[in-house]
Amino acid sequence: MTELVNLPKKRKGESTNWWEEDELDDFSIQKWKSLEHHGVIFPPDYIPHSIPLFYDGEAISLTPEQEEVATWWSSVIGTEWETKEIFRKNFEHNFLKLFTSDHKIKSLDKCDFKKIAEYVEAQREIKKARLPEEKKQEREAKQKIDEEIGYGIVDGKREKISNIIVEPPGLFRGRGQHPKAGYIKARLRPEDITINVGKSNLVPKCPVPGHAWKNVVHNSYVTWLAYYKDPELSFSNVKYVYLAASSKFKGLNDKLKYEKARKLRGLIDGIRSDYFDKIKKDNQVNKQLGTALYLIDKLALRVGNEKTEDEADTVGCCSLKVSNISFKENYQITLDFLGKDSMRYFNTVSIDPNVHENLKKFVEGKGQDEELFDLITTSSLNEYLKTFMKSLSAKVFRTYNASVTLQMLLAKFNNKKMQVEEKVQFYTDANREVAILCNHQKSTPKNFEVQMEKMQDKLKDKLESLSLLETHLKGFLSKKIAQNADKKLPTSEENTRKAIVRAKTSVKNMEIKLKMKDDNKTIALGTSKINYMDPRITVAWCKNNEVPIEKVFPKALRSKFIWAMYTEPAWEF
DNA sequence: TTGCGAGACTCAGAAATATTAAT
DNA sequence: TATTAATATTTCTGAGTCTCGCA
């Protein structure tokens, strides 16, 4: 068989790859024995431009601190953030705090950022107009720094670090209706950073003279190299600095995740009959547990933890509200809610009659804003899952169902003679099914309609020239070529026939392309590929069907899934 | 006994950037 | 062949899940 994947060959005396080692249990307790790295990189300092802000027509000169924040706002002007109510309100509140109470600046509405916005725009233009040579130099300088600082050494092995530059200051952009959108993210200093290194390894040097790390710890039970928290944003989460997806830390956990989902495959029949039992039980708590798990399993919903007031109001299965569900004929329900990242889940499905009956009962006598599953929590649901398998939790069902769906769809492939492009198409169609199952969406690309029209026009042109060729052929057959003796048309019958075949393929390809573009308009294919579908299914399928792996996994995914590249063609999930 | 928050990790789509195709 | 437009890929950082320990 042709070599479809370039795999590193093992040399004599070289240590084995982690995925060939037998230390999975060990990893679950201690993550490393030695850990060495260079700490983190701070984004460049702010360079003031001294352009004033106009307030009530009067030029106000700003301190560098005020100016930096004003410049962030200026770069938001013209985007939808500018008019987003919460964003605007929070920004105003926090911006005004930068001025003393007797300062004349009292309202965002009266602030005129025009001059600063012009400056921001000019800077953008300058950046855009960089010569290819300049861009290349910049890229190389970046790579050099990355090469020097962007790697750590874990148990003697050099590993790439993912987010080595700490997050730059700016305006917090929450997703959906985030109550804190528009708050100011502070500039981080070394005093905000906690470093994790091996006890006998060198502590990374603090890159800012006269400053020091907040803390240095030696915690070998975690995989993070550093962490920090915005000192100003009380609601913000801790940010960790981790190794990149290609590392052993990430790869091993990833492999374990898929192995867990495979274990679930072996248990799924038992689990399903158990939750159907519960669905029919008298006990209301059990009824809710069974019903919720049914939805998680069938519709690949997230479990839906409780959220605080400082977060956008989104839900998952256990936090569904009465208002999110409506009942239809023939045991159908419609679920309509905002899920993770405030992405809308909107789906009408037929469900089991018992489940339908239960859900109707759960809703009875409750207000629109009350919880559908009021007697259970995400913890109690996960506890129930633990009775089947020690490490089972709700999210495993998403991984399991995504992988099983992909494998089932790919198994339908039966035309090895197809062109590689068509095979990739087939794979993408399967990928899309999974993405739809997991509700992975993206916003419609800019200019989508215009692009579609352009393609439609092209298709029309192609169809026209095809029909022209066909009449031309008829001309040959009836020996009446003279009337359409166009100089561009083939001069022989044989060539006309060939041209018709070519034109037909071209039309077909255009139609496929058009359909694909439309089908993928709002579907995000990447998320399921990166996080849900066991990569070994893809690798095995590619090997079976002579599809080069780089046609479906770009470089980053091939290194993330390096452990899966050795999968045998006969492998099954 | 449970409920709650800290902690650590996975998983999200948008935006930025790189590559490829079209003109 | 050089621009420009479209598309593919990577980066960025926000938003989830889930476990654990403590009151």
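Along each chain, the written sequence defines residue order, and numbers are assigned to residues from 1. In the order they appear in the text, chains get letters beginning with A and ligands get numbers beginning with 1. The predicted origin of the model limits local features to residues at a pLDDT of at least 70 and limits the giving and counting of side-chain atom pairs to 80 or more, whereas totals for whole chains, interfaces and linings rest on all residues. Values shown for side chains rest on all heavy atoms present in the structure; no hydrogens or waters enter the calculation.

> Whenever I open this one, the overall build of chain A confuses me. Can you help?
Numbered from the N terminus, helices here are DSSP runs of H or I no shorter than four residues, and strands are runs of E no shorter than two. A tally of helices and strands in chain A yields 16 helices and 15 strands. The rule is simple: take the accessible area with a 1.4 Å probe, protein chains only, and divide by the maximum for that residue type; under 20% is buried, over 50% is exposed, in between is partly exposed. Taken over 573 residues, chain A has a buried fraction of 42%. Contacts between residues were defined by any pair of non-hydrogen atoms, one from each residue, lying within 4.5 Å. Sequence-distant contacts, at least 24 apart, represent 68% of the contacts inside chain A between residues at least 6 apart. Here, Shrake-Rupley sampling with a 1.4 Å probe gives the accessible areas, and only protein chains in the shown set may cover a residue. With an accessible surface of roughly 32900 Å², chain A has 51% of that area assigned to carbon and sulfur atoms. Only four residue types enter the tally: Lys and Arg on the positive side, Asp and Glu on the negative side, with His and both chain ends excluded. A charge is said to be at NZ when it belongs to Lys, at CZ for Arg, at CG for Asp and at CD for Glu. Looking at chain A, you have 97 positive and 83 negative side-chain charges, and the mean spots of the two groups are 5 Å apart.

> Any chance you could explain the side chain of Thr291 here in plain terms?
With respect to the secondary-structure elements, Thr291 resides in helix α7 (residues 284-299). When its relative accessible area of 0% is taken as the criterion, Thr291 is described as buried.

> Any chance you could explain the pattern of salt bridges here in plain terms?
A side chain with one charge may pair with a side chain of the opposite charge, provided their charged atoms come close. Every case where a carboxyl oxygen of Asp or Glu lies within 4 Å of a side-chain nitrogen of Lys or Arg is listed as a salt bridge. Taken as a whole and judged by the stated rule, the model has 30 salt bridges. As a salt-bridge pair, Asp254 and Lys560 come within 3.8 Å of each other at their nearest N and O atoms. Note that Asp254 is positioned in helix α6 (residues 248-280) and Lys560 in helix α16 (residues 555-560), a separation of 306 residues in sequence. The burial state of Asp254 is the same as that of Lys560; both residues are buried. Its salt-bridge partner being Glu357, residue Lys361 comes within 3.5 Å of it at the nearest N-O pair. You can see Lys361 and its partner Glu357 sitting in helix α8 (residues 353-363), four residues apart, about one turn around the helix. The class of Lys361 is partly exposed, set by a relative accessible area of 49%. What you see here is one network of salt bridges that share partners, running through Glu259, Arg262, Asp534 and Arg536.

> Explain the protein's contact with DNA strand B here, please?
Throughout, the term near means that a residue has one or more heavy atoms lying within 4 Å of the molecule or strand in question. Around DNA strand B, a shell composed of 27 residues is seen, among which Tyr242, Lys250, Lys257, Thr527 and Tyr532 lie nearest. Polar contact criterion, stated in full: a pair of N or O atoms within 3.5 Å, where within protein one must be able to donate a hydrogen and the other to accept it, and residues adjacent in sequence count only if both atoms are side-chain atoms. One of the side-chain N or O atoms of Arg398 is found 3.4 Å from a phosphate oxygen in DNA strand B. Put simply, the parts of the chain that give the surface near DNA strand B at least two residues each are α6, α10 (395-410) and α14 (526-531). Sort the elements by how many residues they give to the surface near DNA strand B and α6 lands first, with three residues. Counted by class, the surface near DNA strand B contains six nonpolar, eight polar and 13 charged residues. Side-chain classes are defined by residue name, with Ala, Val, Leu, Ile, Met, Phe, Trp, Tyr, Cys and Pro counting as nonpolar, Asp, Glu, Lys and Arg as charged, and the others, Gly among them, as polar.

> Can you walk me through the pairing of strand β14 (residues 332-338) in this structure?
Within a regular strand, the side chains alternate between the two sheet faces. Strands are treated as partners if at least two bridges between them are detected by DSSP. The pairing of strand β13 (residues 325-328) with β14 spans four bridges and is antiparallel. Looking at the pairing, Ser326 lines up with Thr334 of β14. Between β13 and β14, which pair antiparallel in sequence order, lie three residues; one of them, Asn330, sits at a positive phi of approximately 55°. Across seven bridges, β14 lies against strand β15 (residues 344-350) in antiparallel orientation. Of the residues in β15, the one forming a bridge with Ile333 is Val349. Linkage of β14 to β15, two consecutive antiparallel strands, is achieved through a turn of five residues, within which Asp341 is found at a positive phi near 60°.

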